[in-house]
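Results of the structural survey
Each chain is listed here by its residues.
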Amino acid sequence: MNAALFAYSRRGCATARRVMAALADWDIQPYTMERFAEDGFAPLGRPAREFYGPIFGGVQAMIFVSSVGLAVREVAPHLKSKATDPAVLVLDELGQYVIPVLSGHIGGANELAKALAASLGAQAVITTATDINGRFSVDAWAVQNGCAIASLPLAKAVSAAVLEGDVPFLSDFPVVTDLPRGLAPGDAGALGVYVGVYEKTPFAKTLRLVPRVVRLGIGCRKGTDEETIRAAVNEALAAHGIDRRAVKCAASIDLKAKEAGLLAYCRSEGLSAEFYTADELRAVRGEFTPSEFVKSITGVDNVCERAALRNAETLLVKKTARSGVTVAAAAEHWEVRFA
C-alpha cells in the first residue's frame, strides 16, 4: 500500500511522523512546506494543481494533517470517480480526530481511518449513512472480499435501499455466516444483490458482485498470437454466461511457459500465468475430454481442463476449441462471509 502524507505546520509534522509509525508497513512519502523542512519530508510544490494532480492519480491514499477545507480545495480539481479516486483522510494537527473525506468504502478510507484512530488513540469521524446506521455497506463489503461491482449506480441504489429496509440477497456460493442488517434471503424483487460469476439477473434490477475465482485452462498451437487467444477465451466465457471480471488466472502445461502470445494475453488482461508439468496435470482428478493427439505431444490426455481444475474445485467450462486454442474454466472454493 502506498500513500502521500501532507503536513503544514511544525506540530503537523510531528503528527505526520506518528501516522507513519502507525502505518509502518505502508510506502509513505511525506511532504511539508519548505520553511518547516525536516529529514525525510519532500517540499510541497507549486502551483498546487500541478503538484497534487499526479500524486492524486498515483497513490492509494492521501492523508492530510490539516483542516478539512484545505484538503478539499487541493483534491477537488482532480476528482474523477468513486471507483478510482484514492482514499482521502484528514487529521487535525494534534492527531485527535481522523476524518475520511473521500472514497470511504471502495477506496478504504473508512477502514483506514478506524485503524489509524486505534493506533493513535484518536477518534475516527465516520459520516457514511450505512456505517453510522449499522446497515450493510455493499461497496465496502465488495472491496474487502475481492468482488468486482458490476454497476456503481446500482450499488448506490442498494446503499439507499438498505437504509429503508432489507434488500433480497442471492449467492451461488455458500453463505456461512448470518446476513447483516439490510439484507434478507431472496431470489426475486425490484432490486437485489447477486453474488456469483455468471451474468445473470434474478432481480428486476440486479447488482452483481463478482468474486475473482475463475481459473482458465488454455492450450494452444505453437506461435498462436495474443488476439487469437483472447477471442477464444471471450467466446468460451460468453457461451457460458461467465463475467470476464471473475477470471483470476490462466494455466497451462509447462511446455507453454515461454509461449509469447499466451504470456502477452495474460499481461494485457492482468492475469497471473501458471504452468504445470504433465505429471501434475495427470494427477488432477475428474472426468475430462481426452485426446490421443494431445497426449502424444504433451504426455497428458487433456491440458486445458486439467490445468483449469488443478487448483480449483468445480469445472465450469469443459474444453472448447477455436482457431487452434482450447479453453476451459473452473472455479475455486469460495464462501460468503459477513463477519
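Read on for a plain summary of the structure. (Residues numbered from 1 in each chain as written. Predicted model: local features only at pLDDT ≥ 70, side-chain atom pairs only at ≥ 80, totals over all residues. Heavy atoms only, no water.)

Re the packing of aromatic side chains
Which entries qualify depends on this criterion: Planes of paired rings set the category: under 30 degrees apart is stacked, over 60 is edge-to-face and the rest tilted, where pairs are Phe, Tyr or Trp rings (Trp by its six-membered ring) whose centres lie within 6.5 Å. To qualify as a helix, a DSSP run of H or I must reach at least 4 residues; to qualify as a strand, a run of E must reach at least 2; elements of each kind are numbered from the N terminus. Working definition: with a 1.4 Å probe on protein chains only, accessible area under 20% of the residue-type maximum means buried, over 50% means exposed, and in between means partly exposed.
Tallied over the full model, the rule gives twelve aromatic pairs. Judged by centre distance (6.4 Å) and plane angle (80°), the rings of Phe-6 and Phe-51 are edge-to-face. A residue pair is termed long-range when its members are at least 10 positions apart, and Phe-6 in strand β1 (residues 2-7) and Phe-51 in helix α2 (residues 48-56) qualify at 45 residues. We classify Phe-6 as buried; its relative accessible area is 0%. Grouped by ring-pair contacts, the aromatic residues Phe-6, Tyr-31, Phe-51, Tyr-52 and Phe-64 constitute a single cluster.

Brief notes about the nonpolar core
Spelled out, the test is: For the purposes of this section, nonpolar cores are sets of buried Ala, Val, Leu, Ile, Met, Phe, Trp, Tyr and Cys residues that join through side-chain atoms within 4.5 Å. The contact rule is simple, with two residues in contact once any of their heavy atoms fall within 4.5 Å.
Formed by 47 residues in total, the largest nonpolar core has its most connected members in Trp-141, Leu-207, Leu-209, Leu-216 and Ile-218. The biggest single contributor to this core is helix α8 (residues 226-239), with five residues. Excluding residues that lie within four positions of it along the chain, Leu-209 makes contacts with Val-138, Trp-141, Ala-142, Cys-147, Ala-148, Ile-149, Val-193, Tyr-194, Val-195 and Gly-196. Counting 26 residues, the second-largest nonpolar core is a separate cluster that includes Ala-7, Val-19, Val-65 and Ala-113.

Quick look at the sheet that holds strand β11 (residues 191-195)
Quick note on the threshold: Strand pairing requires that DSSP identify at least two bridges connecting the strands. Note on geometry: axes are C-alpha line fits, over the in-contact stretch for helices, and angles between N-to-C directions span 0 to 180 degrees.
The five strands are arranged β8-β12-β11-β9-β10 in an open sheet whose pairing can be described as mixed. Whereas interior strands pair on both sides, the edge strands pair on one side only; in this sheet they are β8 (147-149) and β10 (183-185). Averaged over all neighbouring strand pairs, the angle between strand axes comes to 30°, with direction disregarded. With five bridges connecting them, β11 and strand β12 (residues 205-211) associate as parallel partners. What sits directly across from Leu-191, in β12, is Lys-205.

Some remarks on a nonpolar patch on the surface
Which entries qualify depends on this criterion: Exposure above 30% relative accessible area and the absence of a salt bridge qualify a residue for a patch, where like charges join within 9 Å and nonpolar side chains (Val, Leu, Ile, Met, Phe, Trp, Tyr) within 5 Å. Methods summary: accessible areas were calculated by the Shrake-Rupley approach with a probe of 1.4 Å, and residue burial reflects only the protein chains presented. Salt bridge, as used here: a side-chain nitrogen of Lys or Arg that lies within 4 Å of a carboxyl oxygen of Asp or Glu.
Taken together, the side chains of Val-68, Val-72 and Val-101 make up a nonpolar region of the molecular surface, amounting to roughly 180 Å² of accessible area. Structurally, Val-101 is set in strand β6 (residues 97-102). Given the relative accessible area of 33%, Val-101 is considered partly exposed.

What about the sheet that holds strand β17 (residues 325-331)?
Taken together, five strands build an open sheet; the order of strands is β15-β14-β13-β17-β16 and the sheet is mixed. Lying at the two open borders of the sheet, with one neighbouring strand each, are β15 (272-276) and β16 (314-322). Each strand of the sheet is rotated relative to its neighbour by a mean of 25°, with strand direction disregarded. Two elements, strand β14 (residues 247-253) and β15, share five bridges in a ladder whose sense is parallel. In the sheet register, Cys-249 faces β15, and the bridge partner there is Ser-272. Each of β13 (214-220), β14 and β15 is contacted by helix α9 (residues 260-269), which is oriented at about 145° to β15, the strand it contacts most.

It is worth stressing that arrangement in space is one thing and function is another; only the former is reported here.
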